[in-house]
Amino acid sequence: MSDKPVIWIPRRLSDATLARARRDYEVIVNEDDTPGSAEDIIAMSGRVDGMIPCHSEHFSAEVVAKLDPRLRIVANHSVGVDHCDLPALKSHGVVVTNTPDVLSDATAEIAMLLMLGAARHAVAGDRIVRTGAWDSWSPSFMVGKQVTGARIGIVGMGRVGRAFARKARGFDMEIHYHNRSRLSPEDEAGAIFHADVDSLLEVSDFLSLHCPATPETRKFLNAERLARLPEGAVIVNTARGALIDEAALLDALDSGHIASAGLDCFEVEPGGNPAFASHDNIFMLPHIGSATRATRDAMGFRALDNLDAFFAGKEPGDRLV
Ligand SMILES: NC(=O)C1=CN([C@@H]2O[C@H](COP(=O)(O)OP(=O)(O)OC[C@H]3O[C@@H](n4cnc5c(N)ncnc54)[C@H](O)[C@@H]3O)[C@@H](O)[C@H]2O)C=CC1
Ligand SMILES: O=C(O)C(=O)CO
């Protein structure tokens, strides 16, 4: 019997992460890489001291109430923790950490891709070439919306929001933002703060969501707020599907008030919204904001750094509760 702590890794993390984990811990890996169910989480809590779950494993209050006291730390392999009932985990005595910063640039890259693709008809353009339907060219063919110099509204100017703003500056965009609090002049870097959501919406030719999913932000972008955006605005969401009222977004796209949307996150995942599939003006990706090799290694290492600190009796750097 080794005296190393035992940890459960429910999803197939990067090779480098698994190699380091196996060096330092007794590791139980879910080799078939399916999401851990409530039953799996509860059963595993009696066999392990720590876990490295992803946002696909849900720690609801009902699950947390049934956790075995052996489990002492949930070191998430994600920055978003809307899959965790933090107050319940805290009152159950379980430490929770996440992986901030290391995925901000990768996620901001995907937001840029979605913004550009949604603005410039990437879905329809790709389909027309791919299917051999490209049989003419004209000056009015596939005319899109220019990103360079346009006004971008950012909701949630945290780590990913600021990384996105840095990239948008490269496109000479005029940056506006709404956040829980105003940033320092250094972090703001010329971006224009809107204390009021409506005032941000009214100037946003493009709108990109970067705040966490919380009870307060659920369906943040509803019919009323969509109507406040300028005619022909483009929506980008790499945050969480829960932030958008998807039926209201479809209505706004169908009416032409919203020109297009670029979405990495959906209310139902995996799968997405089947009603979106027939819309060429929705550019969709399957929640791959942080999916680069470098970032996935960095996320895994950050989760392990948190475990290492915890099991060494120190404060984990990314402790949330
Ligand atoms: N698509 C993907 O693969 C990824 C998605 N994400 C999502 O992005 C989110 C943001 O990540 P970070 O930037 O690292 O978090 P962060 O905590 O650094 O930034 C979030 C910002 O939102 C602001 N905020 C919170 N509630 C708000 C509200 N009601 N109204 C306005 N602003 C509000 C906060 O003040 C903060 O500045 C995560 O919670 C996660 O859901 C993050 C990484 C990858
Ligand atoms: O980290 C997160 O919050 C994600 O959505 C996946 O990287």
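If you check an unreviewed UniProt entry, the protein appears there as Glycerate dehydrogenase from Roseovarius gaetbuli.

Colleague: Quick question: what am I supposed to make of the sheet that holds strand E3 (residues 50–51) here?
Modeller: By definition, the strands of a sheet pair up through backbone hydrogen bonds, in either a parallel or an antiparallel sense. If you trace the 5 strands from one edge of the open sheet to the other, you get E2-E1-E3-E4-E5, paired in parallel fashion. Edge strands, defined here as strands with exactly one partner in the open sheet, are strand E2 (26–29) and strand E5 (95–97). Taken together, the 3 bridges between strand E4 (residues 73–75) and E5 define a ladder with parallel strand orientation. Bridging from a neighbouring strand, Ile73 pairs with Val95 of E5. Each of strand E1 (6–9) and E2 is contacted by helix H1 (residues 15–24), which is oriented at about 135° to E2, the strand it contacts most.

Colleague: What is the right way to look at the domain arrangement of the protein in this model?
Modeller: One frequent convention defines the size of an interface as the accessible area lost when the parts assemble. Partitioning the protein into domains gives domain 1 (6–98 + 293–311) and domain 2 (104–280). Using C-alpha coordinates to define each centre, domain 1 is positioned 31 Å away from domain 2. Opposite the 5 residues of domain 1 that make contact, domain 2 presents 5 residues. Approximately 400 Å² of surface area, both sides summed, lies buried where domain 1 meets domain 2, with 45% of it carried by carbon and sulfur atoms. Between Asp82 and Arg240 there is a salt bridge, and its shortest N-O distance comes to 2.9 Å. If you look at where domain 1 meets domain 2, you find 1 residue pair in polar contact (both at pLDDT 80 or more).

Colleague: Where do I start with the site of ligand 2 in this structure?
Modeller: Within the structure, ligand 2 sits among His55, Ser78, Val79, Gly80, Leu103, Arg240, His287, Ser290 and Met299. Separating an oxygen atom of ligand 2 from a side-chain N or O atom of His287 is a distance of 2.7 Å. Contact distances for ligand 2 include 2.6 Å between an oxygen atom and a side-chain N or O atom of Ser290. Protein chains bury 89% of the 230 Å² of accessible surface belonging to ligand 2 in isolation. For the shell around ligand 2, the class distribution of residues is 3 nonpolar, 5 polar and 1 charged.

Colleague: Would you take a moment to explain helix H5 (residues 104–119) for this structure?
Modeller: Owing to its 3.6 residues per turn, the α-helix brings residues three or four apart onto one side. In this model H5 runs 22 Å from its N-terminal to its C-terminal C-alpha over 16 residues, within 8% of the 22 Å that 1.5 Å per residue would give. Burial analysis of H5 places 12 of its 16 residues in the buried class, which makes it a mostly covered element. By the burial criterion, the buried members of H5 are Ser104, Ala106, Thr107, Ala108, Ile110, Ala111, Met112, Leu114, Met115, Gly117, Ala118 and Ala119. At the exit of H5 stands His121, carrying a positive phi of roughly 60°.

Colleague: In this structure, what is going on with the packing of aromatic side chains? I would like to understand it.
Modeller: The geometry of an aromatic ring pair is captured by the separation of the ring centres together with the interplanar angle, meaning the angle of the planes. Applying the stated criterion across every chain, the model contains 4 aromatic pairs. Both rings, one in Phe266 and one in Phe276, keep their centres 6.3 Å apart while their planes meet at 55°; by these two values the pair is tilted. One end of the pair, Phe266, is in the loop between strand E11 (258–263) and strand E12 (282–284); the other, Phe276, is in the loop between E11 and E12, and 10 residues separate them in sequence. Here the two residues Phe266 and Phe276 agree in accessibility, since each one is buried. One aromatic cluster is present, formed by Tyr25, Phe310 and Phe311 through successive ring pairs. Sitting over the ring of Phe301, Arg20 keeps its end group 4.8 Å from the ring centre. We note Lys145 situated over the ring of Phe206; from NZ or CZ to the ring centre the distance is 5.5 Å.

Colleague: In this structure, what is going on with the UniProt feature "domain: D-isomer specific 2-hydroxyacid dehydrogenase NAD-binding" (unreviewed entry) in the protein? I would like to understand it.
Modeller: Within this numbering scheme, the UniProt entry marks residues 113–289 as carrying the feature "domain: D-isomer specific 2-hydroxyacid dehydrogenase NAD-binding" (unreviewed entry). Taken end to end, residues 113–289 comprises 31% helix and 17% strand; its first and last C-alpha atoms sit 10 Å apart.

Colleague: Help me understand the packing of H1 against helix H12 (residues 293–311), please; the structure alone is not making it clear to me.
Modeller: Pairs of packed helices are described in terms of their axes, by the angle between the two and the distance that separates them. Where H1 meets H12, the closest approach of the two axes is 8 Å, and the angle between their N-to-C directions is 20°. On the basis of their axis angle, the class for H1 and H12 is roughly parallel. In this structure, H1 crosses over H12, and the sense of that crossing is right-handed. Contacts between H1 and H12 involve Ala16, Thr17, Arg20 and Ala21 from the former and Arg296, Asp297, Gly300, Phe301, Leu304, Asp305 and Asp308 from the latter.

Rules of the game
Residues numbered from 1 in each chain as written. Chains lettered and ligands numbered in written order. Predicted model: local features only at pLDDT ≥ 70, side-chain atom pairs only at ≥ 80, totals over all residues. Heavy atoms only, no water. Pairing = 2+ DSSP bridges. Helix = DSSP H or I, 4+ residues; strand = E, 2+ residues; numbered from the N terminus. Contact = heavy atoms within 4.5 Å. Axes fitted to C-alpha atoms, helices over the stretch in contact; angles between N-to-C directions. Domains from an automatic or database assignment. Buried area = accessible area lost by both parts, 1.4 Å probe. Salt bridge = Lys/Arg side-chain N within 4 Å of Asp/Glu carboxyl O. Polar contact = N/O pair within 3.5 Å; in protein donor to acceptor, adjacent residues only side chain to side chain. Near = heavy atom within 4 Å. Areas by Shrake-Rupley, 256 points an atom, 1.4 Å probe, with all protein chains shown as cover. Nonpolar A, V, L, I, M, F, W, Y, C, P; charged D, E, K, R; others polar. Expected span 1.5 Å × (residues − 1). Buried < 20%, exposed > 50% of the residue type's maximum accessible area, 1.4 Å probe, protein only. Phe/Tyr/Trp six-rings, centres within 6.5 Å; stacked < 30°, edge-to-face > 60°. Lys NZ or Arg CZ within 6 Å of the ring centre and 35° of its normal. UniProt positions renumbered as here; feature names shortened; annotations may be inferred. Parallel < 35°, antiparallel > 145°, perpendicular 65-115°, else oblique. Left-handed = near helix turned anticlockwise from the far one by under 90°.

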